[in-house]
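# What the coordinates show
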Amino acid sequence: MRRFVPLARKVNFILVSSLALGIGAAIVYLAYAQNRDLRRANAENLQRQSEILYQSIKNAMLPGEAPVAVRLFADIRQATGTFEVSLYRADGVEAFSDNRTIETVNANLERIYFRAKPLLMSDARMIAADMNFTRAVQERRTVLYQQAEGERSYALIYKTLLNLPKCAGCHGSTHTVRGVIHIRSDVTREAVQQRNNLLLAAAIFAVLVPLLAVLLARFLQVTLVRPVRHLGEVCAGVRGGDFSVRARIGSRDEIGALGERVNEMVQGLYERFQLSKFVSGSTLQSIRNRERGAKASMTLFFSDVRSFTAYAERHPPEQVVEALNRLLNVQTEIIHRNGGDVDKFVGDAVVAVFSGERREENACRSALEIQEELGRAAGYDGLKVGIGLDSGEVILGLVGSEKRADFTVIGDHVNVAARLCAAARPGMVLVTESVYSPLRARVKARGPAHLKVKGKTEALAVYQILALPGGPA
Amino acid sequence: MNPRRASALLPHVALAAVALLALSCARPAPRALVPADYASWERPTERDLDYPVPGHEDHRRRIYLNQSGEDVRITERQGRVVHEYPEGTVIVKEVYAGLQFRQGEAPFQLTVMIKKPKDPLARGGWLWVVRDMASGQETVIDYEFCFDCHANANEPHPYGDKNPRGEFRDYVFLPYRK
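Residues numbered from 1 in each chain as written. Chains lettered and ligands numbered in written order. Predicted model: local features only at pLDDT ≥ 70, side-chain atom pairs only at ≥ 80, totals over all residues. Heavy atoms only, no water.

### Quick look at the overall build of chain A
- In terms of regular secondary structure, chain A is built from 13 helices and twelve strands.
- Buried positions account for 42% of the 473 residues belonging to chain A.
- Intrachain contacts of chain A at a sequence separation of at least 6 include 65% that bridge at least 24 residues.
- When the accessible area of chain A is evaluated, it comes to approximately 27,100 Å², of which 56% is carbon and sulfur surface. (Helix = DSSP H or I, 4+ residues; strand = E, 2+ residues; numbered from the N terminus. Buried < 20%, exposed > 50% of the residue type's maximum accessible area, 1.4 Å probe, protein only. Contact = heavy atoms within 4.5 Å. Areas by Shrake-Rupley, 256 points an atom, 1.4 Å probe, with all protein chains shown as cover.)

### Some remarks on the pairing of strand β2 (residues 143-149) of chain A
All names here are of chain A.
- Both β2 and strand β3 (residues 152-162) contribute to a ladder of seven bridges, which runs antiparallel. Each residue of the ladder has a partner; that of Ala-148, found in β3, is Ser-153.
- Turn length for the β2-β3 hairpin, with the two strands adjacent in sequence and antiparallel, is two residues, and the turn residue Gly-150 shows positive phi of about 60°. (Pairing = 2+ DSSP bridges.)

### Brief notes about the nonpolar core
- Core analysis: the biggest nonpolar cluster contains 47 residues, and Val-85, Leu-87, Ile-181 and Ile-183 of chain A together with Trp-126 and Trp-128 of chain B have the highest contact counts within it.
- Apart from the residues within four sequence positions on either side, Ile-183 of chain A is in contact with Leu-46, Gln-49, Ser-50, Leu-53, Phe-83, Glu-84, Val-85, Ala-155, Leu-156 and Ile-157 of chain A.
- Judged by nonpolar contacts, the second largest core, of 37 residues, contains Leu-324, Leu-327, Leu-389 and Leu-468 of chain A. (Core = buried A, V, L, I, M, F, W, Y, C linked by side-chain atoms within 4.5 Å.)

### Quick word on the interface of chain B and chain A
- With 17 residues of chain B at the interface, the matching set in chain A holds 16 residues.
- Interface area for chain B against chain A, summed over the two sides, is near 1,400 Å², with a carbon-plus-sulfur share of 55%.
- The shortest N-O distance in the salt bridge between Lys-159 of chain A and Glu-144 of chain B comes to 3.9 Å.
- Where chain B meets chain A, there are three residue pairs in polar contact (both at pLDDT 80 or more).
- Per-class residue counts for the side of chain B that touches chain A are nine nonpolar, four polar and four charged. (Buried area = accessible area lost by both parts, 1.4 Å probe. Salt bridge = Lys/Arg side-chain N within 4 Å of Asp/Glu carboxyl O. Polar contact = N/O pair within 3.5 Å; in protein donor to acceptor, adjacent residues only side chain to side chain. Nonpolar A, V, L, I, M, F, W, Y, C, P; charged D, E, K, R; others polar.)

### With respect to the sheet that holds strand β5 (residues 109-115) of chain B
All names here are of chain B.
- Read from one edge of the open sheet, five strands run β1-β4-β5-β6-β7, paired in antiparallel fashion. Each edge of the sheet is formed by a strand with only one pairing partner; in this case those strands are β1 (61-65) and β7 (138-140). Pairwise comparison of adjacent strand axes, ignoring direction, gives a mean angle of 20° for this sheet.
- Two strands pair when backbone bridges link them, and β1 and strand β4 (residues 90-95) are joined in this way by five bridges, in the antiparallel orientation. In the sheet register, Leu-65 faces β4, and the bridge partner there is Ile-91. (Axes fitted to C-alpha atoms, helices over the stretch in contact; angles between N-to-C directions.)

### Focus: the pattern of salt bridges
Residue and element names in this part refer to chain A.
- Counted by the stated rule, this structure contains 28 salt bridges over all chains.
- Where Arg-135 meets Glu-139, a salt bridge forms, and the shortest distance between an N and an O atom there is 3.7 Å. Of this pair, Arg-135 and Glu-139 both sit in helix α4 (residues 131-139), four residues apart, which is roughly one turn of the helix.
- Owing to a relative accessible area of 36%, Arg-135 belongs among the partly exposed residues under this scheme.
- Taking the relative accessible area as the measure of exposure, Glu-139 reaches 35% and is therefore partly exposed.

### Re the packing of helix α10 (residues 317-337) of chain A against helix α11 (residues 359-376) of chain A
Residue and element names in this part refer to chain A.
- Packing of α10 against α11 brings their axes to within 9 Å, and their N-to-C directions diverge by 145°. Between α10 and α11 lies a crossing whose hand is right-handed. Between α10, through Leu-327, Val-330, Gln-331, Ile-334, Ile-335 and Arg-337, and α11, the contact on the second element is made entirely by Ser-366, Glu-369, Ile-370, Glu-373 and Leu-374.
- Taken together, the residues of the contact of α10 with α11 sort by class into six nonpolar, two polar and three charged. (Left-handed = near helix turned anticlockwise from the far one by under 90°.)

### Topic: the environment of Leu-374 of chain A
Residue and element names in this part refer to chain A.
- Relative to the helices and strands, Leu-374 is located in helix α11.
- When its relative accessible area of 3% is taken as the criterion, Leu-374 is described as buried.
- Taking C-alpha positions, Leu-374 is 7.9 Å from Gly-427, a pair spaced 53 residues apart along the chain.
- Setting aside residues up to four positions removed in sequence, Leu-374 forms contacts with Leu-327, Val-330, Tyr-380, Leu-383, Lys-384 and Val-385.

### Observations regarding the sheet that holds strand β4 (residues 177-186) of chain A
Residue and element names in this part refer to chain A.
- Read from one edge to the other, the open sheet built from four strands follows the order β1-β4-β3-β2, with strand pairing classed as antiparallel. A strand with exactly one partner marks an edge of an open sheet, and here the two such strands are β1 (83-89) and β2. Averaged over all neighbouring strand pairs, the angle between strand axes comes to 20°, with direction disregarded.
- Relative to β4, β1 runs antiparallel, the two being bridged by seven bridges.

### Things to note about a nonpolar patch on the surface
Residues and elements named next belong to chain A.
- The grouping of Leu-7, Leu-224 and Val-228 at the surface amounts to a nonpolar patch, some 200 Å² of accessible area in total.
- The topology assignment puts Leu-7 in helix α1 (residues 7-61).
- Residue Leu-7 is classed as partly exposed on the basis of its relative accessible area, which comes to 37%. (Patch = residues over 30% accessible without salt bridge, like charges linked within 9 Å, V, L, I, M, F, W, Y side chains within 5 Å.)

### Comments concerning the packing of aromatic side chains
- Tallied over the entire structure, the rule returns 14 aromatic pairs over all chains.
- Ring plane angle 10° and centroid distance 3.7 Å describe the contact between Tyr-436 of chain A and Tyr-463 of chain A, whose orientation is recorded as stacked. Within this pair, whereas Tyr-436 of chain A is found in helix α13 (residues 433-439), its partner Tyr-463 of chain A is found in strand β12 (residues 460-467), the two being separated by 27 residues in sequence. Accessibility assignment for this pair places Tyr-436 of chain A and Tyr-463 of chain A in one class, buried.
- Relative to Tyr-171 of chain B, the ring of Phe-147 of chain B lies with its centre 5.2 Å away and its plane at 40°, an arrangement referred to as tilted. One end of the pair, Phe-147 of chain B, is in helix α2 (residues 144-150); the other, Tyr-171 of chain B, is in the segment after α2, with 24 residues separating them in the sequence.
- Here a set of aromatic residues connected by ring pairs shows up, and it is made of Tyr-88, Phe-133, Tyr-145 and Tyr-158 of chain A.
- Directly above the aromatic system of Tyr-154 of chain A lies the positively charged group of Arg-184 of chain A, at a separation of 3.9 Å from the ring centroid.
- A cation sits over an aromatic face here: Arg-61 of chain B above Tyr-51 of chain B, 4.9 Å from the ring centre. (Phe/Tyr/Trp six-rings, centres within 6.5 Å; stacked < 30°, edge-to-face > 60°. Lys NZ or Arg CZ within 6 Å of the ring centre and 35° of its normal.)

### Section: the pairing of β3 of chain A
Residue and element names in this part refer to chain A.
- Counting buried positions along β3 yields ten of eleven residues, so the element is predominantly enclosed.
- Here β3 pairs with β4 via nine bridges, running antiparallel. When the sheet's bridge partners are listed, Leu-162 is paired in β4 with Val-177.

Written out as structure tokens, the structure is:
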């Protein structure tokens, strides 16, 4: 069997995972995009700065004013503090650190054009071993990279300086790359900001997801989980026989509609349950079994209230209904107690059937008890019934249309019992020969009298039952 | 489809999607930008260039210009002479190993300018292409290198007629003249 997983847990799982995924993806993307833009802006800045330097170096070099360039670099370093510029020859030696270039230029021009200068730098650097530098020289293209030194982060660029045609006059034509501009920009602040962006994103995620999850879970709990559980409780109540339970769901949505539907269903069940108190067990049985018709030997019981129409006219409707219900109730109770089934009520009349071996006896006993009860007890407004009984073979079956069918008894004997009932005076029990003869030895009766019945040529022998000594079977 | 089988299929589908994505992002197959018959074209200068120049260094060079390039438009704009090569112009420069001419020698490299102003890789309206003859591989140089130097063709320089009046030569050092 599959394990029971509470709805709340499933919903929470879906919620938390989709929130985590959705918000996570959004935040990760945002943080990523922000950092990427920051990096991109940094790189673009550096490119632009190197471009500007390139242009100024190109023009400073032309008149051979190397010292101007050297001073420019030093000034930039000093002014910005975060920005370091240097220039290397293609062989990796820092430019202006010696007079070699001047010597080459003079040789190319075949005269002393530039005078050798006192050394401009004391701490000439070599960077030939730097891979990025080598790439810039060999591939003749700008190389951008990042570097961390301890706590600080740097963005760096190598920009190749070409031996342009206008340079070739002095510098010769045998090489393409003259040197490399190197810029190192301190981007520690930006790096910290990048890290902070990530931390902030993580913090937002850590706070937002649980918060939203709790809020949403709460919402679903109230709108979905709790009503469903409540409906379950209602169903359990009904199953336990409590028809007074009702779903109380205020919401005007599908769940609310379901609640109303359930309430209607419980009401319907309740009504049917009430009905089953009156309707015969065999009726219910056959409704269940869907019997389609059968013949059976039965004793038919027919009672009906004397002068009920006159009574109904004289009394207020509530009182009429109440009195009638009391009458039907007591008859039903006595019939059931004696093993009979109420087949139906027709206005103030009761049709009942008795089957089994002692059907005549049980029917007679029921009839006598009913008359005794109505004769003795107050509370029936003096209403009395007449009762007729007949025994014989009847047809049992579901009769009616497809929408509405009742299980009932059909046959001549039903009519005979009804005829006897009609003939009985208040408080009287009339039976036919077929009921009387099995009980002849024990029953106290008067008769036979002869009764003309519609559709029959011969008059019927009718007995009035007075008493049936001996306890119930 | 049974959902379990579908979920088993999912990783494969994802993998395939990633692979497709990777493929589509990968570099496109090398394209043949340089026509094979360039040797039959006009030559802007009959001379073999046997002096070293920066950018092409100490290699002997020979330049060819295709038919479209012969229709170069030379106009004057705001007092400056302006050369404009029509779209489709191809200038091929053969680069030979040594400076000395040797019988039957083939170039080891072509450096090529292709006028294609709308190409996103173009700089100054030209595609700058290097073709390695041994492998046949063509590389488009979309960064500063070629373009930066060739910008000097538009001001006085030491080559050819030296462009003494600083005409706009459309980045070509040795312009074609009918």
